[in-house]
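Here is what each chain is made of, one letter per residue.
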Amino acid sequence: MTIHGYVRVSSIDQNGDRQYRALCKAEVPAENIYIDKQSGKDFLRPVYRALVERLVPGDVLFVTSIDRLGRNYIEIQEQWRILTKEAGVDIVVLDMLLLDTRRDKDLMGTFIADLVLQILSFVAQNERENIRRRQAEGIDAAKERGVRFGRPLMDMPEDFPGLVTRWQGKQMTLDDLLEACAMSKSTLYRRLRELGMLEGYYKGDCREG
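Cut-off values and rules
Residues numbered from 1 in each chain as written. Predicted model: local features only at pLDDT ≥ 70, side-chain atom pairs only at ≥ 80, totals over all residues. Heavy atoms only, no water. Buried < 20%, exposed > 50% of the residue type's maximum accessible area, 1.4 Å probe, protein only. Helix = DSSP H or I, 4+ residues; strand = E, 2+ residues; numbered from the N terminus. Arc of directions from axis to C-beta. Contact = heavy atoms within 4.5 Å. Core = buried A, V, L, I, M, F, W, Y, C linked by side-chain atoms within 4.5 Å. Patch = residues over 30% accessible without salt bridge, like charges linked within 9 Å, V, L, I, M, F, W, Y side chains within 5 Å. Areas by Shrake-Rupley, 256 points an atom, 1.4 Å probe, with all protein chains shown as cover. Salt bridge = Lys/Arg side-chain N within 4 Å of Asp/Glu carboxyl O. Phe/Tyr/Trp six-rings, centres within 6.5 Å; stacked < 30°, edge-to-face > 60°. Lys NZ or Arg CZ within 6 Å of the ring centre and 35° of its normal. Polar contact = N/O pair within 3.5 Å; in protein donor to acceptor, adjacent residues only side chain to side chain. Pairing = 2+ DSSP bridges. Axes fitted to C-alpha atoms, helices over the stretch in contact; angles between N-to-C directions. Parallel < 35°, antiparallel > 145°, perpendicular 65-115°, else oblique. Left-handed = near helix turned anticlockwise from the far one by under 90°.

## Focus on helix α7 (residues 174-181)
Step number 1: Along α7, the positions that sit buried rather than exposed are Leu174, Leu177, Leu178 and Cys181. The arc that holds the buried residues of α7, viewed along the axis, is 95 degrees, so those residues lie on one side. Among the exposed residues of α7, those pointing more than 90 degrees away from its buried face are Asp175 and Glu179.
Step number 2: Packing partners of the buried residues in α7 comprise α6 (160-168) and α8 (185-194).
Step number 3: Directly after α7, the chain includes alanine 182, whose backbone phi takes a positive value near 55 degrees.

## Focus on the nonpolar core
Step number 1: Counting residues in each nonpolar core, the largest one holds 21 residues, and the members touching the most others are Tyr48 and Trp80.
Step number 2: Looking at this core, the elements that each hand over two or more residues are α2 (46-54), β3 (60-63), α3 (66-69), α4 (73-86), β4 (90-93) and α5 (107-144).
Step number 3: Not counting residues up to four positions away in its chain, the partners in contact with tryptophan 80 are Ile66, Leu69, Lys85, Ile91, Val93, Leu99, Thr101 and Leu117.
Step number 4: Core analysis: the next-biggest nonpolar cluster, separate from the first, contains 13 residues, Met172, Leu174, Leu178 and Leu192 among them.

## Some remarks on a nonpolar patch on the surface
Step number 1: Taken together, the side chains of Leu115, Ile119, Phe122 and Val123 define a hydrophobic patch exposed on the protein surface, amounting to about 370 Å² of accessible area.
Step number 2: Looking at the element boundaries, leucine 115 is found in helix α5.

## Things to note about the packing of aromatic side chains
Step number 1: Applying the stated criterion across every chain yields a total of 2 aromatic pairs.
Step number 2: Taken together, a centroid distance of 5.2 Å and an interplanar angle of 70 degrees make the contact between tyrosine 6 and tyrosine 48 edge-to-face. Of this pair, tyrosine 6 sits in strand β1 (residues 3-9) while tyrosine 48 sits in helix α2; the two residues are 42 residues apart in sequence, bridging distant segments of the chain. No difference in accessibility class separates tyrosine 6 from tyrosine 48, as the two residues are buried.
Step number 3: On the basis of an interplanar angle of 55 degrees and a centroid distance of 5.3 Å, the ring pair of phenylalanine 43 and tyrosine 48 is categorised as tilted.
Step number 4: In this structure tyrosine 48 comes out as buried when scored by relative accessible area, which is 0%.
Step number 5: Cluster of aromatic residues (ring-pair linked, three or more members): Tyr6, Phe43 and Tyr48.
Step number 6: The ring of phenylalanine 43 carries arginine 45 above its face, with NZ or CZ at 4.6 Å from the centroid.
Step number 7: Between arginine 45 and the ring centre of tyrosine 48, over which it is positioned, the NZ or CZ distance is 5.6 Å.

## Brief notes about the side chain of serine 65
Step number 1: Structurally, serine 65 is set in the loop between β3 and α3.
Step number 2: Owing to a relative accessible area of 10%, serine 65 belongs among the buried residues under this scheme.
Step number 3: Among the polar contacts listed, one links the side chain of serine 65 to the side chain of aspartate 67, at a separation of 2.5 Å.
Step number 4: With residues up to four places along the chain from it excluded, the contact list for serine 65 reads Val93 and Asp95.

## Thoughts on the pairing of β1
Step number 1: For β1, the buried fraction is high: 6 of the 7 residues fall into the buried class.
Step number 2: Of the strand pairs in this sheet, β1 and β3 are connected by 3 bridges, and their pairing is parallel. Across the sheet, the residue bridging to glycine 5 is phenylalanine 62, located in β3.
Step number 3: Pairing of β1 with strand β2 (residues 33-37), which is carried by 5 bridges, proceeds in the parallel orientation. When the bridges of β2 are listed, arginine 8 appears paired with aspartate 36.

## Points about the packing of α6 against α8
Step number 1: Relative to each other, α6 and α8 sit at 110 degrees, their axes nearing to 13 Å. The angle between α6 and α8 places the two elements in the roughly perpendicular class. By crossing handedness, the relation of α6 to α8 is classed as left-handed. Residues Phe160, Val164 and Trp167 of α6 form the contact with α8, whose own contacting residues are Leu188, Tyr189, Arg191 and Leu192.

Here it is in structure tokens:
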């Protein structure tokens, strides 16, 4: 029997130290703790998949809470079934002692564990959906306040129309125009499209300067 631990945080800038220390305190060997820095929306996580491939019947998998395993209601239950029923692995959820498949393996114990799992996995998915809703509401509110999202627009020189006119009249090359505007060629053409100034500028030799 080998004891394993699994840590998941949602992004690379989050820290899994709290989960790691909790697993170590539960006597999970440090070398057997796997850490994913990825969303819990599904189980297509590289570190988690590598962990599953190493599990053999009789092994024990520790997680600090059910939402560290995942946040999709249906997939959590399916993954739990695969690990415990098909792979023969026990699972211990540290913050919910009822979710410890090493104990109470009789019919009543299994029923209680399954019931608790359904409730907690539902809560995990519901919280994920609430987070997404709050994020969407926050973005909408910010847009109403005039906050712009995406890459910031590059400032254009005040005499941009005049520079473009000089370029169109072949009084300056495209390279000179790009240097004067501090833009790449693709950015220049995008700005021309946004300002409705693109028509005619691809004609003749203007395209190459």
